[in-house]
Amino acid sequence: MPDAVWVTRVVGLGARMVQLRAKGFTPDILRDQALRAQEICDRAGAELVLNDHWKLAIDLGIKAVHLGQEDMATADFTAIRRASIAFGLSTHDEAELDRALSHDPAYIALGPIYETRLKVMPWAPQGLEKLTRWKAAVGSKPLVAIGGLTPERLPGVFAAGADVAAVVTDLVTAEDAAGRVAEWRGACDAL
């Protein structure tokens, strides 16, 4: 979610795992956003995943972080493990997948599965066939599908091999976010 306000909304609507993306904030505001999101998740019994900022996760005791390929170049995986922080890694091609697997992450993410409006991506949509290949490559490690997901696309994403579906844009752009979360929950319950 883009900020702690959105974390509050989706956790209040029943989300059990939430990623705080928090892009473009100053370090002080980012820290405040992460603290607020952590408090919200702790009270609700939800899991918070902090995007990119592994040092802040260590400082605040946040137990999960998501890292992109560019983050891996500067991440101190020894420090992350020493702090007992679970980490997931984004991938887009075979070389990135090999690199990610070499770090033994808690999960692997593949995206964008479909065209996404969240951010400009240098990669074309990866599609369901690639999702199936990725699942074969990661084996029992959880595979997270990211990008362009909707409740209507969820059955195909899980049938292709995803264990988790990550969603941002479909929720934050919905006219009725509460209604859209209910649709997501219904789609998940139907699987």
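Sequence positions are assigned chain by chain, starting from 1 and proceeding in written order. Totals for whole chains, interfaces and linings use every residue, but because this is a predicted model, local features are given only for residues with pLDDT of at least 70 and side-chain atom pairs only at 80 or more, for both listing and counting. To get the side-chain values, take all heavy atoms of the structure and skip hydrogens and water.

Visitor: Sorry, what's going on with the pattern of salt bridges here?
Guide: Pairing between side chains of opposite charge can happen when their charged atoms approach one another. For salt bridges, the criterion is a side-chain nitrogen of Lys or Arg within 4 Å of an Asp or Glu carboxyl oxygen. Evaluation of the coordinates by the stated rule reveals nine salt bridges. A salt bridge links Asp32 to Arg36; its shortest N-O distance comes to 3.9 Å. Of this pair, Asp32 and Arg36 both sit in helix H2 (residues 27-44), separated by four residues, roughly a single helical turn. In this structure, Lys135 engages Asp163 in a salt bridge whose closest nitrogen and oxygen atoms are separated by 2.6 Å. Residue Lys135 is found in helix H7 (residues 127-138), and its partner Asp163 is found in the loop between helix H8 (154-159) and strand E7 (164-166); the two are separated by 28 residues along the sequence. A run of DSSP states H or I qualifies as a helix once it reaches four residues; a run of E qualifies as a strand once it reaches two. Both are numbered from the N-terminal end.

Visitor: Got a minute to help me understand the nonpolar core in this structure?
Guide: Proteins that are soluble and globular tend to have nonpolar side chains buried together. One finds Met1, Val7, Leu20, Leu67, Phe77, Ile80 and Leu131 to be the most contacted residues of the largest nonpolar core, which totals 52 residues. Here a residue-residue contact requires only that any non-hydrogen atoms of the pair lie within 4.5 Å. Once residues within four sequence positions are removed from consideration, Met1 is found in contact with Trp6, Val7, Val10, Val18, Gln19, Leu20, Arg21, Ala22, Val167, Val168, Leu171 and Val172. Throughout this description, the term nonpolar core refers to a set of buried Ala, Val, Leu, Ile, Met, Phe, Trp, Tyr and Cys residues connected via side-chain atoms within 4.5 Å. When a residue's accessible area, from a 1.4 Å probe over protein chains only, is under 20% of the maximum for its type it is buried; when over 50% it is exposed; and in between it is partly exposed. Membership of the second largest hydrophobic core comes to five residues, among which are Ala64, Tyr107, Ala109 and Val144.

Visitor: Can you help me understand the side chain of Thr150 in this one?
Guide: Mapping Thr150 onto the fold places it in the loop between strand E6 (143-146) and H8. Apart from the residues within four sequence positions on either side, Thr150 is in contact with Asp170, Arg180 and Trp184.

Visitor: Explain the sheet that holds E7 to me, please; I cannot follow it from the model alone.
Guide: To summarise the sheet geometry, strands pair through backbone hydrogen bonds and adopt either a parallel or an antiparallel arrangement. Strand pairing is assigned whenever DSSP detects at least two bridges linking the two strands. Across the sheet, seven strands lie side by side as E1-E2-E3-E4-E5-E6-E7; this open sheet has parallel pairing. The open sheet is flanked by strand E1 (17-20) and E7, the only strands paired with a single partner. When the angles between neighbouring strand axes are averaged without regard to direction, this sheet yields 25 degrees. Relative to strand E5 (residues 107-110), strand E4 (residues 86-91) runs parallel, the two sharing four bridges. Its bridge partner lying in E5, Gly88 is registered against Tyr107. Lines fitted to C-alpha atoms define the axes, with helix axes restricted to the stretch in contact, and inter-axis angles between N-to-C directions lie between 0 and 180 degrees.

Visitor: In this structure, what is going on with helix H10 (residues 177-189)? I would like to understand it.
Guide: An α-helix turns once every 3.6 residues. As a result, residues three or four positions apart point the same way. How far a helix is expected to stretch is found by multiplying one less than its residue total by 1.5 Å. With 13 residues, H10 extends 18 Å from end C-alpha to end C-alpha; this agrees with the ideal 18 Å at 1.5 Å per step. Looking only at H10, the buried set comprises Ala177, Arg180, Val181, Trp184 and Ala187. Burial along H10 is one-sided: seen end-on, the buried residues are contained in an arc of 120 degrees. The elements touched by buried residues of H10 are helix H1 (4-12), H8, E7 and helix H9 (169-172). Note: the arc covers the axis-to-C-beta directions of the helix.

Visitor: It is not clear to me how the packing of H1 against H2 should be interpreted in this structure. Could you clarify?
Guide: Each pair of packed helices can be summarised by the angle the axes make with each other and by the distance between the axes. Contact pair H1 / H2: the axes reach a minimum separation of 9 Å and the direction vectors enclose 10 degrees. The angle between the axes of H1 and H2 places the two elements in the roughly parallel class. Residue-level contacts link Ala4, Val5, Val7, Thr8 and Val11 of H1 to Gln33, Arg36, Ala37, Ile40, Cys41 and Ala44 of H2. In these notes the angle categories are as follows: under 35 degrees is roughly parallel, over 145 is roughly antiparallel, 65 to 115 is roughly perpendicular, and the rest is oblique.

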